[in-house]
Amino acid sequence: MFDIAFLKGLPAQVRLTDCSIAGKAIVLERVWTGNTMRALLRNTSDAAVCVREVALMYGNFPLAASCPFYSEGFHMLSQHGGTLHEPHNIGKYGTDEEFFSLKKSPFSSDTYTAYSLMLLSPTQYDRALMAFSSCNKFMGEFRFKNSYIEIVMDCEDIELRPGETWQFEEFIALFGEKRDALFEKLAERINENHPRRKYADIPFGWCSYHSISGIKAEEMYMQARAMHTRIPELKRIQIDDGYQSYTDWLIPNPETGADMKKMCARIRAEGCEPAGYISPFTVDVRSRLFAEHPDWLIMDSDGKPSQEHCFNRRWYVLDGTNPKAVDYVRKLVRTFHDEWGIRYFKLDFTSYGALPGVHHDPHKTRVEAFRAVFQAINDEVGADSYILGCNAPIWAQLGLVDGNRATNDIFRDWPRVGGNMEEITGRSWQNGRLWINDPDGVVLEKRDRSGVRNGMYRRAICDLTDDEIEYHKAYIVASGGVVTSGDKLDDISEKNLDVLRRMMAAAGDAAVYDDDSFEIGRIDRGQKHIICVFNHSDDIKSIAVPLNARAHVCDFWTDEALGKFEGHITLFDMAPHSARVLTLN
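Below is a summary of the structure that appears in this document. This is a predicted model, so every value here is computed, not measured. (Residues numbered from 1 in each chain as written. Predicted model: local features only at pLDDT ≥ 70, side-chain atom pairs only at ≥ 80, totals over all residues. Heavy atoms only, no water.)

A few points about the pattern of salt bridges
Step number 1: Evaluated as defined, the whole model comprises 42 salt bridges.
Step number 2: Beyond isolated ion pairs, a larger network of salt bridges with shared partners links Arg15, Glu53, Glu141, Arg143 and Glu150. (Salt bridge = Lys/Arg side-chain N within 4 Å of Asp/Glu carboxyl O.)

Here it is, written out as structure tokens:
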């Protein structure tokens with residue numbers, strides 16, 4: 001294993017846009033304070049230079065190519081795992097480069113790219129966590145191939161002017177045995193640089209996306225009445241995408257049956273709180289915003305609005321370095337807050353705001369563009385509202401959100417349920433430290449989304465088994481975060497309403513897992529412990545759960561007493577894709 005002395009001894013390199021290496025007049029200074037490092041880049045010449053990137057450290061590490069690792073992605077839909085020799089993407093949509101058509105650096109074209117942090121685990125008792133503990137201006141990358149690793153600041157070909165100095169993001173290196181303890185130390189350092197927003201409580205609610213196709217005002221009112229009558233603890237009705245005309249968030253979709261102001265007032269009259277949805281950076285080609293203000297968008301090299309990195313080919317991207325674009329977002333969220341009474345903002349597809357392109361201010365980075373818009377939202381509505389980042393550039397939003405969607409959208413099938421468990425587990429350390437994790441909706445009824453398609457009312461049956469639903473329920477508890485029902489509240493069973501209540505009561509702390517199998521996760525509640533046990537495999541499996549002391553064990557969902565156990569409790573013959581949640585007293 002390596003140490004701080006090893007990192008200090010690694011070389012650095014300033015790489016320019018013309019694919020050359022900077023000369024002596026471009027001075028890189030690395031300043032170490034204990035296990036953290038800040039680097040400064042200074043142009044001492046009388047000519048500007050365009051900087052592609054800076055390798056803060058690079059070289060061959062004393063690690064086997066078979067060393068397991070875990071890294072973040074640039075955005076919500078991507079994480080990375082595997083080994084240094086055989087890395088793989090965690091998530092349905094491929095790597096960040098594949099999803100957003102991001103180009104490989106010519107300096108590192110044959111390496112694998114991860115973002116923001118890298119946990120190396122040569123053994124389960126000897127780990128190193130390297131990370132960027134700030135993200136104000138530059139995006140941090142980890143590029144590697146086998147034991148060769150580069151720790152890079154992406155400078156985006158921005159011009160470093162004569163006499164100008166850039167301060168790069170803080171880098172930290174941590175060493176130890178316990179995965180969660182290392183991440184806890186990283187979170188503490190991040191919070192020093194980006195003080196965490198702290199909403200008063202963990203928000204609960206119901207979201208239209210998982211059970212209804214499209215937004216219909218009368219359906220929203222029906223769900224509000226059902227919530228108020230049957231499970232008022234949920235409190236919020238999330239009016240998701242579809243209420244608006246394209247990406248004109250203040251222009252109603254005529255098919256909805258009411259505008260947002262009327263819908264919010266009616267939902268409030270039914271005894272619930274309306275929750276709002278905006279995708280602040282995306283601009284649909286069919287929208288009025290695109291027709292009237294194409295100059296507010298990120299451009300290509302020819303000065304035309306750019307779609308180069310947009311997964312959705314109907315979208316363009318609002319430029320956060322353009323003051324007029326930022327003022328537009330300010331007006332938008334003020335309307336939601338002041339006129340419609342919204343105090344919960346789901347901000348979706350926000351990673352688009354941190355994509356590359358030609359900005360209005362050529363000296364600003366994509367991180368600065370993103371953070372300018374989110375800071376404006378904080379300034380306008382942040383004092384009394386919950387701000388949720390969704391499909392977000394994970395690190396760029398540090399300190400600017402109350403909650404973060406940590407997984408892909410949930411669907412009622414095993415690939416999505418199993419995949420979302422893997423995604424939320426990698427980010428479980430963030431819950432309650434950086435923000436409140438959002439594991440997406442809870443889907444308990446065996447029904448898919450309902451609605452009218454081709455003139456016919458549709459309500460499909462899902463293909464999740466009972467065991468897979470138990471698995472889904474268990475990872476929601478283990479996440480410790482937001483509970484959002486995705487079933488229609490007017491016909492969900494009383495049994496599943498009780499499940500939701502138990503999930504809400506357990507929310508707060510994420511499970512800490514015994515080892516890297518992530519089979520056994522523990523939530524410590526003082527005299528009462530919750531243990532989540534998962535069989536991730538496709539085979540029947542018995543799992544022995546170690547106990548620290550003699551304990552009275554019950555089923556979490558039913559309170560059924562399972563007996564008193566000492567040393568361990570074995571859950572025999574757990575079905576494939578199943579889970580159990582236990583309470584210990």
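On we go from here.
Section: the pairing of strand S29 (residues 520-525)
Step number 1: With two bridges joining them, strand S28 (residues 512-513) and S29 adopt antiparallel strand pairing. Along S29, the bridge assignment pairs Val512 with Arg522.
Step number 2: Taking the residues between adjacent antiparallel strands as the criterion, S28 and S29 are bridged by six residues, where Phe518 takes a positive phi near 55°.
Step number 3: Linking two consecutive strands that pair antiparallel, namely S29 and strand S30 (residues 528-535), is a turn of two residues; a positive phi of about 75° is found at Gly526 within it. (Pairing = 2+ DSSP bridges. Helix = DSSP H or I, 4+ residues; strand = E, 2+ residues; numbered from the N terminus.)

Points about the sheet that holds strand S15 (residues 236-238)
Step number 1: If you walk across this open sheet you meet the eight strands as S24-S23-S22-S21-S18-S15-S14-S27, and the pairing is parallel. The two strands at the open ends of the sheet, each matched to only one other strand, are strand S24 (436-438) and strand S27 (483-485). For this sheet the average axis-to-axis angle between neighbouring strands, irrespective of direction, equals 25°.
Step number 2: Two elements, strand S23 (residues 403-405) and S24, share three bridges in a ladder whose sense is parallel. Paired with Gly403 across the strands is Ile436, a residue of S24.
Step number 3: Lying over the sheet, helix H4 (residues 217-230) contacts strand S14 (204-207) and S15, oriented at roughly 155° with respect to S15.
Step number 4: Relative to the sheet, helix H7 (residues 323-339) contacts strand S18 (273-278) and strand S21 (344-347), its axis offset from that of S18 by approximately 170°. (Axes fitted to C-alpha atoms, helices over the stretch in contact; angles between N-to-C directions. Contact = heavy atoms within 4.5 Å.)

Some remarks on helix H8 (residues 366-381)
Step number 1: With 16 residues, H8 should cover 22 Å at 1.5 Å per step; its first-to-last C-alpha distance of 23 Å lies within 8% of that length.
Step number 2: A large share of H8 lies buried, amounting to 12 of its 16 residues.
Step number 3: Restricting attention to buried positions, one finds in H8 the residues Arg366, Val367, Glu368, Ala369, Phe370, Arg371, Val373, Phe374, Ala376, Ile377, Asn378 and Val381.
Step number 4: Packed against the buried residues of H8 are strand S10 (139-145), strand S11 (148-160), H7, S21 and strand S22 (386-389). (Expected span 1.5 Å × (residues − 1). Buried < 20%, exposed > 50% of the residue type's maximum accessible area, 1.4 Å probe, protein only.)

Describing unusual backbone geometry
Step number 1: Positive phi, close to 75°, is recorded for Lys235, a residue that is not glycine.
Step number 2: The residue Lys235 is located in the loop between H4 and S15 in this model.
Step number 3: The exposure class of Lys235 is partly exposed, given its relative accessible area of 39%.

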